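What the coordinates show
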Amino acid sequence: MSATDAAPMTPDTLGEAMACWMEAHEGTTETAPNSNPAADSIDDWNRGVGSPVGSEWCAATVYAAGSASSKQLGLVNPVPKSANAMRQYGHCEPITRVDSPARGRAFYVDHGGGKGHAGVCVSVDAAGVPTTLSGNTNAAGSRLGNTLGRHTGDPTVVHHGVGPTKWIDFNRAAQPPTAAQVAGFTK
């Protein structure tokens, strides 16, 4: 059996599942301003956080990755439901804040004035340099692009931020639903 014949890996942690989700959606591009009709599209991700269609969507992408991955693993989604990257970061549980990148960790870059950018790390090389995927970016690393794209390097540098990159390990907060939540799902 060759490597290409192997069964796809089933992620066993929330971070791994989020990285896999981001990789599966890499290259998703805005079809036209305020119009992304495909199922599981940018518009759906914005609606998922209560943001109008056509809004900035990097944080909505991180939330969508967390939501789909949590559901896949039978967990409660610990990613705060927000379309604003810096607000989403601010609402993350303190236990999830870490100092370094790793596959599946979310990143948050501050742009000042309440603006920011967010995405998910998909790999870290031997020198500790992360490769990330984020929505609403482009090849130049803009936080106002049109695709879910890949970048290598410190996200604050790549995405032109003003402060240090902030990392979140949602595995630290991932929990199965409570009995009350499960009962609520079955009604």
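In what follows, the structure referred to is the one given above.
Presented here is an overview of the structure given in this document.

Criteria and thresholds
Residues numbered from 1 in each chain as written. Predicted model: local features only at pLDDT ≥ 70, side-chain atom pairs only at ≥ 80, totals over all residues. Heavy atoms only, no water. Helix = DSSP H or I, 4+ residues; strand = E, 2+ residues; numbered from the N terminus. Buried < 20%, exposed > 50% of the residue type's maximum accessible area, 1.4 Å probe, protein only. Contact = heavy atoms within 4.5 Å. Core = buried A, V, L, I, M, F, W, Y, C linked by side-chain atoms within 4.5 Å. Phe/Tyr/Trp six-rings, centres within 6.5 Å; stacked < 30°, edge-to-face > 60°. Lys NZ or Arg CZ within 6 Å of the ring centre and 35° of its normal. Pairing = 2+ DSSP bridges. Axes fitted to C-alpha atoms, helices over the stretch in contact; angles between N-to-C directions.

What follows concerns the environment of Val120. Note that Val120 resides in strand β3 (residues 115-124). Here Val120 falls in the buried class, since its relative accessible area comes to 0%. As a C-alpha pair, Val120 and Met22 span 98 residues in sequence and 7.3 Å in three-dimensional space. Setting aside anything within four residues of it in sequence, one finds Val120 in contact with Met18, Ala19, Met22, Val62, Gly104, Arg105, Ala106, Phe107, Thr131, Thr132 and Leu133.

Once that is clear, we can look at the nonpolar core. Core analysis: the biggest nonpolar cluster contains 30 residues, and Met18, Met22, Trp45, Val62, Tyr108, Ile168 and Phe170 have the highest contact counts within it. Top element by residues in this core is helix α3 (residues 58-73). It accounts for 7 residues. Those residues in contact with Met22, other than ones at most four positions away along the chain, are Thr61, Ala65, Val120, Leu133, Ser134 and Leu148. Core analysis: the next-biggest nonpolar cluster, separate from the first, contains 5 residues, Val98, Phe107, Val109 and Trp167 among them.

What follows deals with the packing of aromatic side chains. For the coordinates displayed, the defined rule picks out 4 aromatic pairs. Consider the rings of Trp45 and Trp57, whose centres lie 6.1 Å apart with planes at 45 degrees: the pair is tilted. Taken as a pair, Trp45 in helix α2 (residues 42-48) and Trp57 in the loop between α2 and α3 lie far apart in primary sequence, 12 residues in all. For the pair Trp45 and Trp57, one class covers both residues: buried. On the numbers, 5.5 Å between centres and 50 degrees between planes, the contact of Tyr89 with Tyr108 is tilted. Here Tyr89, found in helix α4 (residues 85-90), pairs with Tyr108, found in strand β2 (residues 106-112); they are 19 residues apart in sequence, far enough to count as distant. Accessibility classification places Tyr89 together with Tyr108 in one group, the buried group. Here Arg97 stacks its cationic end above the ring of Tyr89, 4.5 Å away from the centre of that ring.

Now for the sheet that holds β3. The antiparallel open sheet is built from 6 strands, whose spatial order is β1-β6-β2-β3-β4-β5. Unpaired on one side and paired on the other, β1 (97-98) and β5 (147-152) mark the two borders of the sheet. For strand β4 (residues 130-137) and β5, the ladder comprises 5 bridges, and the chain directions are antiparallel. From the neighbouring strand, Thr131 faces β5, where its bridge partner is Thr152. Helix-sheet contacts for helix α1 (residues 14-25) involve β3, β4 and β5, and the interaxial angle to β3 is about 100 degrees. The sheet strands contacting α3 are β2, β3, β4 and β5, and the helix crosses β3 at an angle near 45 degrees.

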